Amino acid sequence: MDALRIMPDGTIFTTLLRHPVDQFLSVFHNHGIKEEIRNLQPHHNPYEEFFRNPKRLSLMASDAVFHLIQNSMSFDLGLNPLQFKNETAVDELIKRLDQEFHFVMIIELLDECLVLLKRLMCWDLQHMIYVKLSVNNEYSASISPEIREKILDWNSVDKKLYDHFYKKLQGIISEQDEDFHKEVAMLKQINADFWRECYSKVLPVFDGNKIGYTLQDTHSDNRTCKILATDDVTQTHVIGLKQFKDTLPPSDILMVRNHMQNLNKFNPAMLKWGDVYKALDPDDADTLPYDEL
């Protein structure tokens, strides 16, 4: 793992896996695979059409998304696509991840994982609050059992990876004491209380799977409520602005502003363009106008 070369001794390494079917569907939608592969565009059910000949159709995708179409989690964790059929290489990948990562989380057991992570990092439950910003329901519900099986077969390496760490996590959870299960219940309650305190309404799903919120009037200026309602892509853009604000061309800054303003129409609770400096430099926020970075 490249990070081992630059991180200090004692660094805790974690990663997150999700069910391979949900992962594939999320990639298919969020990375515009239907638009990438022209043969899929005329079809009402692109998944069914894709699995008529997945090997041929995946080759039509651009280099930017080609590696995401099959076994994307295994690829991200270091497995070369040329080794997808190599059982020895797959087993070695899983063994290496077992050794390099202190904790592999599973999204389907998120609350349990967050409590385990909290214990590992000696954090407080308040540090584990999260806000759900996307759902797979809309396109997950549209696939047949046959397509689901084809997705699992096409992503067989991801399935083996997921099954290994899911089983390992279940073993860890089974060994926990009663206090652990009380903390899981407490985290769920803290999250529910946080959502009620911050947000007045859950808005209709937009862009296929994204969720928006409106803020409670009493929390319209609450930075924590806004940041947790902001998606990861926007958060990355905002952090990039902070890190490279002195060297970025105006066109890049304009792109981020337009991106945020467009999303804010569907998710009014997220960070606004005027919040950017305030959210990233709270100590200096009172001395600088919001439109400065």
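Owing to the predicted nature of the structure, the values given are computational and were not obtained by experimental measurement.

What about the layout of surface pockets?
One number sums up the size of the largest pocket: a volume of about 1600 Å³. Around the largest pocket sit 45 residues that line it, and Arg18, Ile107, Leu133, Ser134 and Asp232 are the ones nearest its centre. Contributing elements (two or more residues each) for the lining of the largest pocket: strand 1 (14-17), helix 1 (20-30), helix 6 (72-76), helix 9 (137-140), helix 13 (223-228), helix 14 (232-244) and helix 15 (250-264). No other element matches the five residues that helix 1 contributes to the lining of the largest pocket. By residue class, the composition of the lining of the largest pocket is 22 nonpolar, 15 polar and eight charged. Computed from the structure, the second largest pocket encloses a volume of approximately 400 Å³. The wall of the second largest pocket is formed by 16 residues, among which Lys55, Ser58, Gln70, Phe84 and Trp154 lie closest to the centre. Contributing elements (two or more residues each) for the lining of the second largest pocket: helix 4 (54-58) and helix 10 (145-154). Residue composition of the lining of the second largest pocket, grouped by class: nine nonpolar, three polar and four charged.

Observations concerning the packing of helix 7 (residues 87-100) against helix 11 (residues 156-174)
With their axes 11 Å apart at the nearest point, helix 7 and helix 11 run at an angle of 35° to one another. Helix 11 is crossed by helix 7, and the crossing has right-handed handedness. Contact residues: Glu87, Val90, Asp91, Ile94, Leu97 and Asp98 in helix 7; Val157, Lys160, Leu161, His164, Phe165 and Lys168 in helix 11. Class assignment for the residues of the contact of helix 7 with helix 11 results in six nonpolar, one polar and five charged.

The rules behind these values
- Every chain's residues receive numbers from 1 upward, in the order its sequence appears when written.
- The predicted origin of the model limits local features to residues at a pLDDT of at least 70 and limits the giving and counting of side-chain atom pairs to 80 or more, whereas totals for whole chains, interfaces and linings rest on all residues.
- Hydrogen atoms and water are omitted, and side-chain values are computed over all heavy atoms in the structure.
- A 1.4 Å probe that fits but cannot get out identifies a cavity on a 1 Å grid over protein atoms alone, an open set with protein on both sides within 12 Å along at least five of seven lines counts as a pocket, and a residue lines either if it has an atom within 4 Å of a point.
- Grid points are joined across faces, edges and corners, and a volume is the space filled by probe spheres set on the points.
- Segments assigned H or I by DSSP are reported as helices when at least four residues long, segments assigned E as strands when at least two residues long, and all are numbered from the N terminus.
- Only Asp, Glu, Lys and Arg are considered charged, only Ala, Val, Leu, Ile, Met, Phe, Trp, Tyr, Cys and Pro nonpolar, and every remaining residue, Gly among them, polar.
- The angle between two axes is taken between their N-to-C directions and runs from 0 to 180 degrees, where each axis is a line fitted to C-alpha atoms and a helix contributes only its stretch in contact.
- In this scheme the crossing of two helices becomes right-handed for a clockwise turn of the near helix relative to the far one and left-handed for an anticlockwise turn of less than a right angle.
- What makes two residues a contact is simply this: any of their non-hydrogen atoms within 4.5 Å.

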